[in-house]
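Examination of the molecular architecture
Here is how the chains run, residue by residue.
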Amino acid sequence: MNAPRPKLEPLERHPLFVPYDVPLATAAEREVFAADVRDRPVPDVSHGPILYLEGVSVSFDGFRALNELSLYIDDGELRCIIGPNGAGKTTMMDVITGKTRPDVGQVFFGQTTNLLELREAEIAQLGIGRKFQKPTVFQGHSVFENLELAMKADKRARTSLFARLSGEQRDRIAEVLATVGLLGCEATLAGTLSHGQKQWLEIGMLLMQDPRLLLVDEPVAGMTEQETEQTAALLTSLAGRHSVVVVEHDMAFVRSIARKVTVLHEGHVLAEGDMDAIQADPKVIEVYLGEGA
Amino acid sequence: MRSLHTPRGWAVFAALAATLLAGVPLLNALPADSALHLPDYLIPLIGKFCCYALVALAMDLIWGYTGILSLGHGAFFALGGYAMGMHLMRAMAGEGVYRSELPDFMVFLNWKELPWFWHGFEHFGFALLMALLLPALLAFVFGWFAFRSRIKGVYFSIITQALTFALMLLFFRNETGFGGNNGLTDFKRLLGFALADPAVKLGLYLLSAATLLGVYLLARAIVRSKFGRVLTAIRDAESRTMFCGYEPLYYKLAVWTLSAVLCGLAGALYVPQVGIINPSEMAPTQSIEMAVWVAVGGRGTLIGAITGAAVVNGLKSWFTAAAPDLWLYALGGLFIGVTLFLPEGLTGLAARLRRRPAPLAEARP
Ligand SMILES: Nc1ncnc2c1ncn2[C@@H]1O[C@H](COP(=O)(O)OP(=O)(O)OP(=O)(O)O)[C@@H](O)[C@H]1O
Ligand SMILES: [Mg+2]
């Protein structure tokens, strides 16, 4: 991924491509797909931020995992979030993606879309993609099928029964395969990929949804040094076109990609700024970096 | 999974179709003293196996492909069977032991007129529709609440057991109006054809076999579609499907209801061949046995479900003749053996024996 991107050939001409037995879409089906993609509401980012969390609190059996958390992510920004174990980083992502409902607080996507009124699938359809802390891909499907299933499209049961892949959609899959460095693995069963490859596939699945906002939980956990570098390059290349929020423990990694870092501690923001300012902040040193990181 | 969609998959299907639709009638037509002659009494037995195989296909769609283990499919099967049984009872009005317009058990209970829910079943078309619609309705309502509350895994399996158990208790009662623990039996004819006639039995068998083959093709088309790939995705990582923008509820509900309808169809084909339907079909063990068929044959392959239903029921027929007391032990042993040594069932074993080491594509990040 550090190397210049390979020029993209149509997937069919790739030497390792295994022909896939889904017939191509008719013109009418392509029109339906195009209409669906056109109709997706665009978040209103006229004021800068694409994501607003304001005064969000979440309790589990009296324990406050998030404590009046307020956080703003700008459109196109790459934000790193760090914090000790149990700081509430994953819980914050659960709240944004609709998995957990906060006790109080507000979560808005752009100026107008209240995420707290929507279910998981609806939030995903708005263009908020999420990578889990533990890589979750569809083990029983090939890499190609994983990307196909993740692709932005009409996701209703009725339409999926007769869905066909268009040429553009195949090209899109080929493009993402190249972006995440899995070109040549499209026919491999996802369950047999290495840990690092699964992480990339999962990021690829997020990209297939053309997300405006990507939430990436611990992308380099368990990766080799080389894989970590490649992942850093990948995430950096995604910023700008997408807004990216990365949660990570690996300080070297955070330093290599971060422009702005937010430190979470006991469910609220302890400090925010560039990496040097953060590392010099006495509060941060006390709770987090002081522990030897 | 992929092996079904290859030319070899088609060859297996063609061989199965030829055996069921041509082989069995031909062997049956041989002279009675021929060594290969298939006696008449075996025809309804093979027909019964076809109905069980149909149930196994339905089970495989919901369990093998979607990862939802139902231990209550016997209820849907029995509902289809009762709907058809009610028609068969109405079709012989006036010919029972008491020569009454009412079914014998109602006369016995001193009932004077037909309960309202028995009306309409004198029409074959209505009964067939009910055989499909009643399981669909029950499955839809049950599934709606269970899936919407995100009840999963073993909890779901347990409440499906409770469902079939509750229905069994309900049907056991004489007052419910379905013949109590004797159920419905002593049928005479279907659409004017005498059920005792060997030619009619052969016809019913062929209908069951053709239905099985047709449903196999339908199920195959479903699992090959994107819909089918989403089902497998739900099985492997349900939360990921949600964050990809799918609503698992509707996918699960659709395949769950379809699965119940297929069981109802199997029950409707089963009853005229077996000649009886009673609440024992709803016994919890019956539904567990259905899961064992699929486990033995191999989950998530469709053909494995058919194989499993045939093998387990073939063994069961042999045991009930040779050593009836040993059957439950044999079934338990089979299930444990398969779980421990053949997690992918008989089809998995066949694939393992055949498989060459598959080359893994190298990653080129
Ligand atoms: N479903 C839950 N029920 C009860 N407690 C929970 C639940 N989810 C999270 N918690 C608690 O909330 C706190 C915050 O958890 P969270 O997973 O958000 O932390 P994190 O910052 O992601 O930590 P890590 O770095 O270990 O991933 C933890 O103390 C955790 O035990
Ligand atoms: Mg976490």
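What you see is a predicted model; the values in this text were computed from it and never measured. (Residues numbered from 1 in each chain as written. Chains lettered and ligands numbered in written order. Predicted model: local features only at pLDDT ≥ 70, side-chain atom pairs only at ≥ 80, totals over all residues. Heavy atoms only, no water.)

Looking at the overall build of chain A
For chain A, the helix and strand inventory stands at eleven helices and ten strands. When each of the 293 residues of chain A is scored for burial, the buried share is 56%. Summarising the internal contacts of chain A: among those between residues at least 6 apart in sequence, 71% fall at separations of at least 24. Total accessible area computed for chain A in this model is approximately 12,300 Å², and 53% of it derives from carbon and sulfur atoms. (Helix = DSSP H or I, 4+ residues; strand = E, 2+ residues; numbered from the N terminus. Buried < 20%, exposed > 50% of the residue type's maximum accessible area, 1.4 Å probe, protein only. Contact = heavy atoms within 4.5 Å. Areas by Shrake-Rupley, 256 points an atom, 1.4 Å probe, with all protein chains shown as cover.)

Some points on the nonpolar core
Of all hydrophobic cores here, the largest spans 165 residues; its most connected members are Leu201(A), Val246(A), Trp118(B) and Leu184(B). Tallying contributions element by element places helix α2 (residues 42-65) of chain B first for this core, with 16 residues. Apart from residues no more than four positions distant in its own chain, Leu201(A) is found in contact with Val137(A), Val143(A), Asn146(A), Leu147(A), Leu182(A), Ala190(A) and Leu193(A). Within the second largest apolar cluster, 27 residues are counted, among which are Leu71(A), Ile73(A), Met93(A) and Leu115(A). (Core = buried A, V, L, I, M, F, W, Y, C linked by side-chain atoms within 4.5 Å.)

Describing a nonpolar patch on the surface
On the surface, Leu137(B), Phe140(B), Val141(B) and Phe145(B) cluster together into a nonpolar patch covering about 400 Å² of accessible area. Exposure remark for Val141(B): the relative accessible area of 41% places this residue in the partly exposed category. (Patch = residues over 30% accessible without salt bridge, like charges linked within 9 Å, V, L, I, M, F, W, Y side chains within 5 Å. Salt bridge = Lys/Arg side-chain N within 4 Å of Asp/Glu carboxyl O.)

Considering the pairing of strand β4 (residues 104-109) of chain A
Residues and elements named next belong to chain A. Of the pairings in the sheet, the one linking strand β1 (residues 49-60) to β4 comprises five bridges and is antiparallel in character. From the neighbouring strand, Ser57 faces β4, where its bridge partner is Val104. Sheet analysis places β4 next to strand β5 (residues 113-114), joined by two bridges and oriented antiparallel. Bridged to Phe108 within β5 is Asn114. Hairpin connection, β4 to β5: the antiparallel pair is bridged by three residues, and Gly110 has positive phi, about 65 degrees. (Pairing = 2+ DSSP bridges.)

A few points about the confidence of the model for chain A
Residues and elements named next belong to chain A. Per-residue pLDDT for chain A averages 81, and the proportion of residues at 70 or more is 84%. With pLDDT under 50 throughout, residues 1-26 is counted as low confidence; its partners more than four residues away or in other chains account for 56 contacts. Across residues 33-38, confidence stays below pLDDT 50; counting only partners more than four residues off in sequence or on other chains, it has seven contacts. (pLDDT = per-residue confidence, 0-100.)

Digging into the environment of Ala127(B)
Residues and elements named next belong to chain B. By the element assignment, Ala127 lies in helix α5 (residues 124-148). In the structure, Ala127 is positioned 39 residues away from Leu88 in sequence and 9.3 Å away in space, judged by C-alpha atoms. The residues contacting Ala127, other than those within four sequence positions of it, are Ala83, His87 and Phe121.

Thoughts on the pattern of salt bridges
Residues and elements named next belong to chain A. Here the structure, examined in full by the defined rule, presents 22 salt bridges over all chains. Across the pair Glu122 and Arg119 runs a salt bridge, and its minimum N-O distance is 2.9 Å. Exposure remark for Glu122: the relative accessible area of 26% places this residue in the partly exposed category. The partly exposed category is assigned to Arg119, whose relative accessible area is 38%. Put simply, Arg172 and Asp210 hold a salt bridge, and the shortest N to O gap is 3.2 Å.

With respect to the UniProt feature "transmembrane region" (unreviewed entry) in chain B
Here, the residues flagged by UniProt with the feature "transmembrane region" (unreviewed entry) are residues 45-63, 124-147, 154-172, 202-219, 249-271, 291-314 and 326-343 of chain B. When the span residues 154-172 of chain B is considered, its composition is 100% helix and 0% strand, and the gap between its end C-alpha atoms is 27 Å. (UniProt positions renumbered as here; feature names shortened; annotations may be inferred.)

With respect to the sheet that holds β5(A)
Residues and elements named next belong to chain A. Pairing in this open sheet of four strands is antiparallel, and the strands run β2-β1-β4-β5 from one edge to the other. Two strands bound the open sheet, and with one partner strand each, they are β2 (63-74) and β5. When β1 meets β2, the two strands line up antiparallel, connected through eight bridges. Directly across from Leu51, in β2, lies its bridge partner Ile73. Lying over the sheet, helix α2 (residues 89-96) contacts β1, β2 and β4, oriented at roughly 115 degrees with respect to β1. (Axes fitted to C-alpha atoms, helices over the stretch in contact; angles between N-to-C directions.)

Looking at the packing of aromatic side chains
Two descriptors summarise a pair of aromatic rings, namely the distance from one centre to the other and the angle between the planes of the rings. According to the stated counting rule, one finds 26 aromatic pairs over all chains in the structure shown. Measuring from centroid to centroid gives 4.6 Å for Tyr82(B) and Phe171(B), while their planes differ by 55 degrees, and the two rings are tilted. Residue Tyr82(B) is found in helix α3 (residues 73-91), and its partner Phe171(B) is found in helix α6 (residues 153-172); the two are separated by 89 residues along the sequence. Residue Tyr82(B) is classed as buried on the basis of its relative accessible area, which comes to 2%. For Phe171(B), a relative accessible area of 5% gives the class buried. In textbook terms, an aromatic cluster arises when at least three aromatic residues are bridged by ring pairs, as seen for Tyr82(B), Phe105(B), Trp116(B), Phe117(B), Trp118(B), Phe171(B) and Phe178(B). The aromatic ring of Phe243(B) is capped on one face by Arg130(A), whose charged end is 5.5 Å from the ring centroid. One Lys or Arg, Lys155(A), reaches over the ring of Tyr246(B) and ends 4.9 Å from the middle of that ring. (Phe/Tyr/Trp six-rings, centres within 6.5 Å; stacked < 30°, edge-to-face > 60°. Lys NZ or Arg CZ within 6 Å of the ring centre and 35° of its normal.)

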